[in-house]
Amino acid sequence: MKKLWKWLALPAALLLCTACGTPYDPNRHQYTPEERSAHYEEYPYDQLPNACGFVIPDDRLLESTVLASDLIVTGTVADAGTTQEVSLLEGIDDGSTAIVTSYQIDVREVLYGSYDGEQLTLRFYWPFQTKPYQGDELFLFLAVGPDYCLPTTASNYSVFVINPPDDRLFALSNKEVLTAFDGRKPKSLEAEIDGIVEGFQSAAEYPYSTGAVALSALTEDSPLYEEYRDIYRDNPYYPEYAEIFE
């Protein structure tokens, strides 16, 4: 019997609320469009290829971010961040390093994916990713590493703020397809994500990267099920994805 129960986290089925019931802090930093524009004048890098080397067209940015993620959560930034120099390639000591800033995130809700902890470590590698403030409430699309998580894309596509005073979304990316969610309630983004995942279940082809969110949505009746099962069966680089199809 397949172990899809380990990964498949439809909102009604796998809801982790370690911070549920805790009201949002009304005194947290409030982001403005002017602040976002100023950031992009300094770091105008928001059109990067994904892991497969494709440049994602704007109309598929949210879809590709959702389906490449391993984990989608909301959470609170618990500290001011710690900056350190780490090996650029995990497990390979070739002398190449990167400066990373890590934050502790108190997990409020797990929307897709599997995560049992009350807190996770979020790493930012790139200078063109907007760094959060302590106390920020974030809506995050994440890739899962050995003992930390990364934004799914190396840009600002993967991070939304739940902005005070009315707890509305604020995109950190300046892409219009994402800033279209500015001022909307988080539930509207959740509904969009649900539609993307459901669409992938019946898709006959998909050209971009996939993570646990996409793979866990497949059933034996899905057109892409056998293709992805064969890709990850006995794949030494992604043993966690192989488990999805067991």
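Details of the structure are given in the entry above.
Sequence order as written defines residue numbering, which begins from 1 separately in each chain. Local features in a predicted model are, by the rule used here, given only for residues with pLDDT of at least 70; side-chain atom pairs are given and counted only at 80 or more, and totals for whole chains, interfaces and linings are based on all residues. With hydrogens and water set aside, each side-chain value is computed from the structure's full complement of heavy atoms.

Caption draft 1: Quick peek at the overall build of the chain. The secondary structure listing takes helices from DSSP runs of H or I that are at least 4 residues long and strands from runs of E that are at least 2 residues long, numbered from the N terminus. Looking only at helices and strands, the chain features seven helices and eight strands. To sort residues, take the accessible area from a 1.4 Å probe on protein chains only and compare it with the maximum for the residue type: under 20% means buried, over 50% means exposed, and anything in between is partly exposed. Residue burial in the chain is summarised as follows: out of 246 residues, 46% are buried. Here, residues are in contact when the closest pair of their heavy atoms is within 4.5 Å. Intrachain contacts of the chain at a sequence separation of at least 6 include 64% that bridge at least 24 residues. Residue exposure ignores everything except the shown protein chains as possible cover, and the areas themselves are Shrake-Rupley values with a 1.4 Å probe. Of the roughly 12200 Å² of accessible surface on the chain, 51% is carried by carbon and sulfur atoms.

Caption draft 2: Local environment of helix α1 (residues 33-42). Turning to α1, its buried residues are Arg36, His39 and Tyr40. The arc that holds every buried residue of α1, seen down its axis, measures 95°, which confines them to one face. Every exposed residue of α1 that faces more than 90 degrees away from the buried side is listed here: Glu34, Glu41 and Glu42. Contact partners of the buried residues in α1: β8 (168-171) and α3 (176-179). Arc, as used here, means the arc of the directions from the helix axis to the C-beta atoms.

Caption draft 3: Geometry of unusual backbone geometry. Look at the link from proline 164 to proline 165: it is a cis peptide, with omega at 5°. One non-glycine residue, aspartate 167, lies in the positive phi region at around 55°. Along the chain, aspartate 167 falls in the loop between β7 (159-163) and β8. One non-glycine residue, aspartate 234, adopts positive backbone phi at about 60°.

Caption draft 4: Local environment of the pattern of salt bridges. Salt-bridge detection follows one rule: a side-chain nitrogen of Lys or Arg within 4 Å of a carboxyl oxygen of Asp or Glu. Using the criterion set out here, one finds eight salt bridges in the structure. Residue aspartate 182 pairs with arginine 36 through a salt bridge whose shortest N-O separation is 2.8 Å. Here aspartate 182, found in the loop between α3 and α4 (186-201), pairs with arginine 36, found in helix α1; they are 146 residues apart in sequence, far enough to count as distant. Owing to a relative accessible area of 11%, arginine 36 belongs among the buried residues under this scheme. Two residues, glutamate 190 and lysine 187, come together in a salt bridge whose shortest N-O distance is 3.4 Å. Of this pair, glutamate 190 and lysine 187 both sit in helix α4, three residues apart, which is roughly one turn of the helix. Of the residues examined, glutamate 190 reaches a relative accessible area of 12% and is grouped as buried.

Caption draft 5: Fine view of the pairing of β7. Of all the five residues making up β7, five are buried; the element is thus mostly covered by neighbouring parts of the structure. Side chains Val159, Val161 and Asn163 of β7 all project onto a buried face; the interleaved residues Phe160 and Ile162 project onto the opposite face, where all are buried too. Strands pair, by our definition, only if DSSP identifies at least two bridges between them. Across three bridges, the pairing between strand β5 (residues 137-144) and β7 is antiparallel. Bridge pairing in β7 places phenylalanine 139 opposite phenylalanine 160. Relative to β8, β7 runs antiparallel, the two sharing four bridges. Bridge pairing links asparagine 163 to arginine 168 in β8.

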